[in-house]
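This is what each chain is made of:
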Amino acid sequence: MQTLTAYDAMRQFYANCLQHTLAATGQQATQNGLTEDTLSNLLTEAEEKISKGAFKTEEL
């Protein structure tokens, strides 16, 4: 069993990894031409398809 300190350190480590992964992914998307407007349109389109039952969330 993990101690609370060890668990918190592990949580911090994985949160930090996720933060760096998200930053790198965002930077790559920007370099590939993704803009905030394009992202907004893609998310809106996906939400519309989900609400209409076009596909399951797991398929996203």
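What you are looking at is a predicted structure, and each value in this text was computed from that prediction instead of being measured.

**What to know about the overall build of the protein**
Then, number 1: The secondary structure content of the protein amounts to two helices and zero strands.
Then, number 2: The C-alpha atoms of the protein give a radius of gyration of 17 Å, which is well past the 10 Å a tight globule of 60 residues would have.
Then, number 3: For the protein, the spread of C-alpha atoms along the three principal axes comes to 45 × 30 × 15 Å.
Then, number 4: Buried residues in the protein amount to 2% of all 60 residues.

**Let's talk about helix 2 (residues 36-51)**
Then, number 1: Here helix 2 is 16 residues long and its end C-alpha atoms lie 22 Å apart, about the 22 Å a rise of 1.5 Å per residue gives.
Then, number 2: Phi turns positive, to about 75 degrees, at G53, one or two residues after helix 2.

**A few points about the pattern of salt bridges**
Then, number 1: Evaluated as defined, the whole model comprises two salt bridges.
Then, number 2: Close ionic contact of R11 with D8 constitutes a salt bridge, the shortest N to O distance being 3.0 Å. Taken as a pair, R11 and D8 lie in helix 1 (residues 4-31) at a separation of three residues, close to a single helical turn.
Then, number 3: On the basis of relative accessibility, which here comes to 41%, the residue R11 falls in the partly exposed class.
Then, number 4: Judged by its relative accessible area of 34%, D8 falls in the partly exposed class.
Then, number 5: Salt-bridge contacts for K49 lead to E45; the nearest nitrogen and oxygen are separated by 3.4 Å. With K49 and E45 both in helix 2 and four residues apart, the pair spans about one turn of that helix.
Then, number 6: What makes E45 partly exposed here is its relative accessible area of 40%.

**Brief notes about the packing of aromatic side chains**
The relation between two aromatic rings is expressed through the spacing of the ring centres and the mutual angle of the planes.
Then, number 1: Taken as a whole and assessed by the stated rule, the structure comprises one aromatic pair.
Then, number 2: Look at F13 and Y14: their rings are 5.1 Å apart centre to centre, the planes differ by 80 degrees, and that puts the pair in the edge-to-face class.
Then, number 3: Relative accessible area serves as the criterion here: at 53%, Y14 is assigned to the exposed category.

Reading the values: rules and limits
Position labels on residues start from 1 in each chain and follow its written sequence. Under the rules for a predicted model, residues below a pLDDT of 70 receive no local features and side-chain atom pairs below 80 are neither given nor counted, while totals for whole chains, interfaces and linings still include all residues. The basis for every side-chain value is the complete set of non-hydrogen atoms in the structure, without hydrogens or water. Helix numbering and strand numbering both begin at the N terminus, where a helix is a DSSP run of H or I of at least 4 residues and a strand a DSSP run of E of at least 2. We take the radius of gyration over the C-alpha atoms and set the globule estimate at 2.2 Å times the residue count to the 0.38 power. Residue exposure (1.4 Å probe, protein chains only): buried if accessible area is under 20% of the type maximum, exposed if over 50%, otherwise partly exposed. Here the expected length of a helix is defined as 1.5 Å per residue gap, with one fewer gap than residues. By definition here, a salt bridge exists when the distance from a side-chain nitrogen of Lys or Arg to a carboxyl oxygen of Asp or Glu is within 4 Å. Between the rings of Phe, Tyr and Trp (Trp by its six-membered ring), a pair exists once the centres lie within 6.5 Å; its type follows the angle of the planes, with under 30 degrees stacked, over 60 edge-to-face, and the other angles tilted.

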